[in-house]
Amino acid sequence: MSGFTPLLFAYVFAAVFLAGIVRGATGFGFSMIMIVLLTLFFPPAQVAPVILFWEVLASIGHLPFVYKQVHWKSLRWLALGVALGTPFGVYCLVSIPVDAMRLIINAVVLILTSMLYCGLRPKNAPTPPQTTGVGLLAGVINGASANGGPPIILFFLSSPLGAAVGRASLIAFFLFTDVWASLFYWQQGLISLDTIIFTLVFMVPMFGGMWFGNRWFSTVDEARFRKVVLALPPPPPHPPPPTPPSLHLQRFLTGGEAARKEFVPATGERERESFWGKFL
């Protein structure tokens, strides 16, 4: 938390609040948004545990209100697949270089959310092995990026269970996957005091956003809910060029005289230094 400047703090605050609105309204989407927005400024291995903790807290707050609507039969097979896939995903997170991990995470998110956007639906009801396979894919992605939601979202949105049952089942499912993945994050040494502080500092905007999102869901009909969910735009991929624009912006937000000179012309340097000193 020591590297936060007011600009970077405000950016994360706003991102968590907006992602919380989506989470409260749909029961998912928080990780999908946050992993892309935060990896612009932080390594995936640093923010993935934080996002997992946010998701666990969000699900704990949500589940008591939707418990009776959860479709537990499907969740048993999905949970089996996630349990098998998560360790491999965590191994990828700690073994693959940061820039390559960013590219893989965002490419997978882009492909799967595009499938949601297109409304892809299976022709027949999935069998238990197929359901387990969906959970396996979700487990690998969840372990690698705290973002295993898209396969499960597609699974429930394509079923005839209804929006309320699908949303409740997603909330219960994400609580299981995130608690399970957290154990492997701890085993790999990815959870520290900074992780806990990062999580706690931004709990207020997350729950505030969820409150607004939940109020919207309580007033919307099922047909409109499905249209809104499928219309959620997929986040853009974030390839790692030699000098990505996000790196320039990261240096700009996190301060430092050398970094600011990349954005500020040499003329009138004294006046600009005085301005930045007051602003940052």
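A brief report on the enclosed structure follows. Note that the coordinates shown come from a computational prediction; the quantities given were computed from them, not determined experimentally.

## Looking at the pattern of salt bridges
Right, on to step 1. Summed over the entire model, instances satisfying the criterion amount to one salt bridge.
Right, on to step 2. Note that Arg23 is salt-bridged to Glu55, the shortest N-O span being 2.8 Å. Linking Arg23 in helix α1 (residues 6–26) with Glu55 in helix α3 (residues 44–66), this pair joins segments that are 32 residues apart in sequence.
Right, on to step 3. A residue is classified by how much of its surface remains accessible, and Arg23, at 0% relative accessible area, is buried.

## Thoughts on the nonpolar core
Right, on to step 1. Counting residues in each nonpolar core, the largest one holds 32 residues, and the members touching the most others are Val12, Met34, Phe42 and Trp54.
Right, on to step 2. Mapped by element, the contributors of at least two residues to this core are α1, α2 (30–38), α3, α4 (72–95), α5 (98–117), α8 (163–187) and α10 (203–217).
Right, on to step 3. A per-element tally of this core places α3 first, with seven residues.
Right, on to step 4. Those residues in contact with Trp54 that lie beyond four places of it in its chain are Val16, Phe30, Met34, Leu38, Phe198, Thr199, Phe202, Met203 and Met206.
Right, on to step 5. Core analysis: the next-biggest nonpolar cluster, separate from the first, contains 22 residues, Phe28, Val70, Leu78 and Leu175 among them.

## Describing the packing of α2 against α3
Right, on to step 1. Viewed as axis vectors pointing N to C, α2 and α3 meet at an angle of 155 degrees, and their least axial separation amounts to 10 Å. Of the possible angle classes, the one that applies to α2 and α3 is roughly antiparallel. For the crossing formed where α2 meets α3, the hand is right-handed. Only Val47, Ile51, Trp54 and Glu55 of α3 make contact with α2, whose side of the interface consists of Phe30, Ser31, Met34, Ile35 and Leu38.

## Quick word on α3
Right, on to step 1. Between its first and last C-alpha, α3 extends 31 Å over 23 residues, near the 33 Å set by a 1.5 Å rise per residue.
Right, on to step 2. Remark: the principal bend of α3, roughly 25 degrees, maps to Ile60, with a proline, Pro64, within the next four residues.

## Focus: the environment of Met206
Right, on to step 1. Relative to the helices and strands, Met206 is located in helix α10.
Right, on to step 2. Taking the C-alpha atoms as reference, Met206 lies 7.3 Å from Ala19; in sequence the two are 187 residues apart.
Right, on to step 3. Discounting chain neighbours no more than four positions away, the residues touching Met206 are Val16, Gly20, Phe30, Trp54, Leu57 and Ala58.

Here is what the cut-offs are and how they apply
- Residues numbered from 1 in each chain as written.
- Predicted model: local features only at pLDDT ≥ 70, side-chain atom pairs only at ≥ 80, totals over all residues.
- Heavy atoms only, no water.
- Salt bridge = Lys/Arg side-chain N within 4 Å of Asp/Glu carboxyl O.
- Helix = DSSP H or I, 4+ residues; strand = E, 2+ residues; numbered from the N terminus.
- Buried < 20%, exposed > 50% of the residue type's maximum accessible area, 1.4 Å probe, protein only.
- Core = buried A, V, L, I, M, F, W, Y, C linked by side-chain atoms within 4.5 Å.
- Contact = heavy atoms within 4.5 Å.
- Axes fitted to C-alpha atoms, helices over the stretch in contact; angles between N-to-C directions.
- Parallel < 35°, antiparallel > 145°, perpendicular 65-115°, else oblique.
- Left-handed = near helix turned anticlockwise from the far one by under 90°.
- Expected span 1.5 Å × (residues − 1).
- Bend = angle between axes of the 7 residues up to and from the residue.

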